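Coordinate inspection notes
Each chain, letter by letter, is given below.
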There are 2 protein chains.
Amino acid sequence: MVLPPLPLPDLLLQLGAHQLEVAETLVWVGRLLVIVVAARLFAELLVRLQLPTILGELLAGVLLGLSGLHWIVPPDTQAQLSSGLLQLLGSLAHVPLPAVQEIYNDTFPSLQLVAGLGLYALLFLTGLESELDELVAVGGQAITVAVAGVLLPFALGTFGLMALFGVEPIPAIFAGASMTATSIGITASVFGELKMLRSREGQIVIGAAVLDDILGIVILAVVVSLSAGESLSAGPILRLVGAAVLFVVVAIGLSRTAAPAFDWLLDQLKAPGEVIVASFVVLSLCCFAATAIGLEAALGAFAGGLILSNSRHTKAIQEAVKPVVALFATIFFVLIGTGIDLSVLDPTDPANRYGLVVAVFLLLAAIAGKIASGWAFLSAQPTDRWLVGLGMVPRGEVGLIFLGLGTQAHLLSPSLEAAIVLMVIGTTFLAPVLLRLVLAGRGTLAEASS
Amino acid sequence: MVLPPLPLPDLLLQLGAHQLEVAETLVWVGRLLVIVVAARLFAELLVRLQLPTILGELLAGVLLGLSGLHWIVPPDTQAQLSSGLLQLLGSLAHVPLPAVQEIYNDTFPSLQLVAGLGLYALLFLTGLESELDELVAVGGQAITVAVAGVLLPFALGTFGLMALFGVEPIPAIFAGASMTATSIGITASVFGELKMLRSREGQIVIGAAVLDDILGIVILAVVVSLSAGESLSAGPILRLVGAAVLFVVVAIGLSRTAAPAFDWLLDQLKAPGEVIVASFVVLSLCCFAATAIGLEAALGAFAGGLILSNSRHTKAIQEAVKPVVALFATIFFVLIGTGIDLSVLDPTDPANRYGLVVAVFLLLAAIAGKIASGWAFLSAQPTDRWLVGLGMVPRGEVGLIFLGLGTQAHLLSPSLEAAIVLMVIGTTFLAPVLLRLVLAGRGTLAEASS
């Protein structure tokens, strides 16, 4: 929620108040329209290819941003806005082009703020949909898979980047952390589509993915908070890890004990809009508490969802939050895409070879680390360890959220940023394809044995 | 959507980036929490008193703002923030108090922007819920009642303020315009509660209220646009009235012809969140078009709702938009309340007598003008003209939206602003009470004659 105020340049002071307001409205509404329409077009395309829509939103951003049309350009990248767009807006608003550019840059922080609302709503929804009971049901096996699925990619990524490529510790840790999450949504939809969601493998993967989200967000909260201090001494690390773990443990505890109180309160409310308002209050309280004790607001948003995951009203809350997520989280994902400069990975430029190698390394480490976690449990019954491992591979929206937060905190170099994007895109594209191949090959076997 | 960027003071540059972000998050989240919780407490109280919740949100703002605790203080009022609140935030964020005040002021425009999103969503919803068919069904009688119910309060208010109190034309016209709307929601709920919604009187009032919203928003769009030019010559007025009327007529036409195309498009969309996204695109396109031809974005938002009011998916759109409205429009109404300085109406200060007389005049004119509209139709059957007139009295949320837009455009003096608030509160409180009294007295009569 960084909102750097900019000085009002003389240029804008020369405009009348009404003229300025008209130009601001046109820039605001026009920019939102372009973002939402482009995201929807790509999402519709990917849905028809049976691929995750989240990637469509990211690709829409890449097309609109630094690597494409230059229609949506974050001011801190210092890049030039498309001159065609400037001329169109300038002629509609009857305002000189440099003034349009100023208004564009001045209103960008508020766009990022709106995107932030979407991010927190999405994290809240992710927490809300965490089926802690599913995790408990599969128990030990899911827990060892989850822990291995966090530790292996994290260790491979972080130490690999530091040892092989000489990356600094903070960005290396951050890149490693961005490899820890597993996208429940994508895996669940592929398993569900092939009627394998209730299989042993499906249950283990879903349980482990729930836990991976929790572990990943704890690591993320610690890394982003650490990066502010710019030192890596044991004291602050232990304090932050302790605070983050405690925060999540308290949230899980509250999901058992406080949910009835929340339900009672919700039943007392009679004015309309009670579900979204009560959810918003829990979400905000958790963000406020997390920030006040030195953790990331993102962890608070997720914990708020965890607390309500056991409410009788979970369905109603989901219904109320989803429109907010559909609108605002889309903006968040598109904005991530706009800031990515894919030209740093252009293989025809020899200067980029190094960055490309890093990207390929991250992608391979991300896939190998998760697949290996499929062997990280004991089982008396025959279990397809390839299915479990592949099911853990897609990073999806959680990987992108991590990337977005890292970009906001200015932790990453452009080539590391692009490498993480490729890692997220690669795992998210490849996992459904590979899973379908493996599942289709063994589906008849599974049915015969059941 | 005014977003004046402010210079980043040296004070904030002395803070570390992380410290600044923590303080910003605490100010942001804390302020939103206070607004939403206070609004909810008052709304729950008023719902139990069978009074409109919208007044509760306004009262919450009055309590939190300039006239009360000074917790939520719009920076342009130059008022001092509560020192207790400053100290609390400063100690939580480990930031000196002047820096908290700076952050508070710098982030306020983004809060107003979020409130603006709520306003446009609410206007869209109002348009969406306009049952144009109901208007057509009651036909001529509703139309003459609506036109009289717009013209009488508008003329009484505007010319009364100019002739009796020497108010300048633009603020006088604006105050008159704020008296034109009728709140469908409040009237419909009282008529419904007493089972009179399907009576002749109920049908005429609901039909007329739909038309009043349309006429009121056209007048508002013209007045706000005019005020920018700060001159009142016939040419621009006619041009604006023509454009606004044309805009609404086209929207009504599109609601008949374009709704099937919209429904077809919506059926083609397969990625999740399609209803809110498609609605948002229509809303934004209409806002963009209205702004580009020199009208208010508010008119565009309302017209967007009108266009979709005939869609097969109206119910789904309402369900998707309502959470956004419940959260963000609440902020809009609370912010209106925070900016109201009720002390300008304190009767113990002789300097305020004049403002008080204006307020009482506006309230009486607002009530008398609408009650008189109950006689503005011919009817062969016996019709209770008092019921029709009283049903038109409550201004509710539409009156407040007008006030909010007038405040944003800096059109009104503090005493005129306070007078309009009293007019909106007075009509909205009194109408349900009077209607219940009259309906209860005549209910037995109506049943006996039917």
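Computed from a predicted model, the values in this text were never measured in an experiment.

Each side of the interface is counted separately: chain B has 60 residues, and chain A has 60 residues. At the boundary of chain B with chain A, total buried surface from both sides reaches about 5,700 Å², with 77% on carbon and sulfur atoms. Linking chain B to chain A there are 0 salt bridges. Seen at the junction of chain B and chain A, the total is 11 residue pairs in polar contact (both at pLDDT 80 or more). Mapped by element, the contributors of at least two residues to the side of chain B that touches chain A are α2 (17–48), α5 (97–128), α10 (200–229), α13 (274–292) and α15 (314–338) of chain B. The element contributing the most residues to the side of chain B that touches chain A is α2 of chain B, with 18 residues. In terms of residue class, the side of chain B that touches chain A is built from 40 nonpolar, 11 polar and 9 charged.

Here we take up the packing of α2 of chain B against α5 of chain B. Residues and elements named next belong to chain B. Between α2 and α5, whose axes approach to 10 Å, the crossing angle comes to 55 degrees. The orientation of α2 with respect to α5, classified from their angle, is oblique. The two elements α2 and α5 cross, and the hand of that crossing is right-handed. Here L20, A23, E24, V27, W28, R31, L32 and I35 of α2 lie close against α5, whose contacting residues are V100, I103, Y104, T107, F108, S110, L111 and V114. Tallied by class, residues from the contact of α2 with α5 come to 12 nonpolar, 2 polar and 2 charged.

So, about empty space enclosed by the protein. Under the criterion given, the structure shown has 6 cavities of 30 Å³ or more. Of the volumes computed, that of the largest cavity is approximately 300 Å³. Lining of the largest cavity is provided by 20 residues; of these, L327 of chain A together with L117, A121, F280 and L283 of chain B occupy positions nearest its centre. Where the lining of the largest cavity is concerned, the elements lending two or more residues are α2 (17–48) and α15 (314–338) of chain A together with α5, α13 and α15 of chain B. Broken down by element, the lining of the largest cavity gets its largest block of residues, 6 residues, from α13 of chain B. For the lining of the largest cavity, the per-class residue count stands at 18 nonpolar, 2 polar and no charged. Of the volumes computed, that of the second largest cavity is approximately 250 Å³. Around the second largest cavity, the lining is made up of 17 residues, and of these L117, Y120, A121, F280 and L283 of chain A lie nearest the centre. Mapped onto the lining of the second largest cavity, the elements with two or more residues apiece are α5 (97–129), α13 (274–292) and α15 of chain A together with α2 and α15 of chain B. Here the lining of the second largest cavity gets 6 residues from one element, more than from any other, and that element is α13 of chain A. Class assignment for the residues of the lining of the second largest cavity results in 15 nonpolar, 2 polar and no charged.

Residues and elements named next belong to chain A. A surface patch of nonpolar side chains, amounting to about 330 Å² of accessible area, comprises L430, V433, L434 and L437. Mapped onto the secondary structure, V433 falls in helix α19 (residues 414–449). Of the residues examined, V433 reaches a relative accessible area of 40% and is grouped as partly exposed.

Turning our attention to the nonpolar core. L161 of chain A together with L161 of chain B are the most contacted members of the largest nonpolar core, which has 291 residues in total. Leaving out residues up to four positions away in the same chain, L161 of chain A has contacts with L156, G166, V167, A172, A175, V358, F361, L362 and L416 of chain A.

Before going further, it helps to examine the relation of the copies chain B and chain A. Overlaying chain B on chain A yields an RMSD of 0.1 Å, the required transformation being a rotation through 180 degrees with an accompanying axial translation of 0.0 Å. What the rotation and shift describe, once combined, is the action of a two-fold rotation axis. Looking at the interface residues of chain B, 100% of them are also at the interface in chain A, so both copies use one shared face.

A word on helix α3 (residues 53–64) of chain A. Residues and elements named next belong to chain A. Given a rise of 1.5 Å per residue, 12 residues ought to cover 16 Å, and the 17 Å separating the end C-alpha atoms of α3 matches this to within 8%. Summarising burial for α3: 10 of the 12 residues are buried, a large majority. Of all the residues in α3, the buried ones are T53, I54, L55, G56, E57, L58, A60, G61, V62 and L64.

The rules we used
- Residues numbered from 1 in each chain as written.
- Chains lettered and ligands numbered in written order.
- Predicted model: local features only at pLDDT ≥ 70, side-chain atom pairs only at ≥ 80, totals over all residues.
- Heavy atoms only, no water.
- Contact = heavy atoms within 4.5 Å.
- Buried area = accessible area lost by both parts, 1.4 Å probe.
- Salt bridge = Lys/Arg side-chain N within 4 Å of Asp/Glu carboxyl O.
- Polar contact = N/O pair within 3.5 Å; in protein donor to acceptor, adjacent residues only side chain to side chain.
- Helix = DSSP H or I, 4+ residues; strand = E, 2+ residues; numbered from the N terminus.
- Nonpolar A, V, L, I, M, F, W, Y, C, P; charged D, E, K, R; others polar.
- Axes fitted to C-alpha atoms, helices over the stretch in contact; angles between N-to-C directions.
- Parallel < 35°, antiparallel > 145°, perpendicular 65-115°, else oblique.
- Left-handed = near helix turned anticlockwise from the far one by under 90°.
- 1 Å grid on protein atoms, 1.4 Å probe; cavity = no way out; pocket = protein on both sides within 12 Å on 5 of 7 lines; lining within 4 Å.
- Points joined across faces, edges and corners; volume = space filled by probe spheres on them.
- Patch = residues over 30% accessible without salt bridge, like charges linked within 9 Å, V, L, I, M, F, W, Y side chains within 5 Å.
- Areas by Shrake-Rupley, 256 points an atom, 1.4 Å probe, with all protein chains shown as cover.
- Buried < 20%, exposed > 50% of the residue type's maximum accessible area, 1.4 Å probe, protein only.
- Core = buried A, V, L, I, M, F, W, Y, C linked by side-chain atoms within 4.5 Å.
- Least-squares fit on C-alpha atoms with pLDDT ≥ 70 in both.
- Expected span 1.5 Å × (residues − 1).

That is the geometry; function is a separate question.
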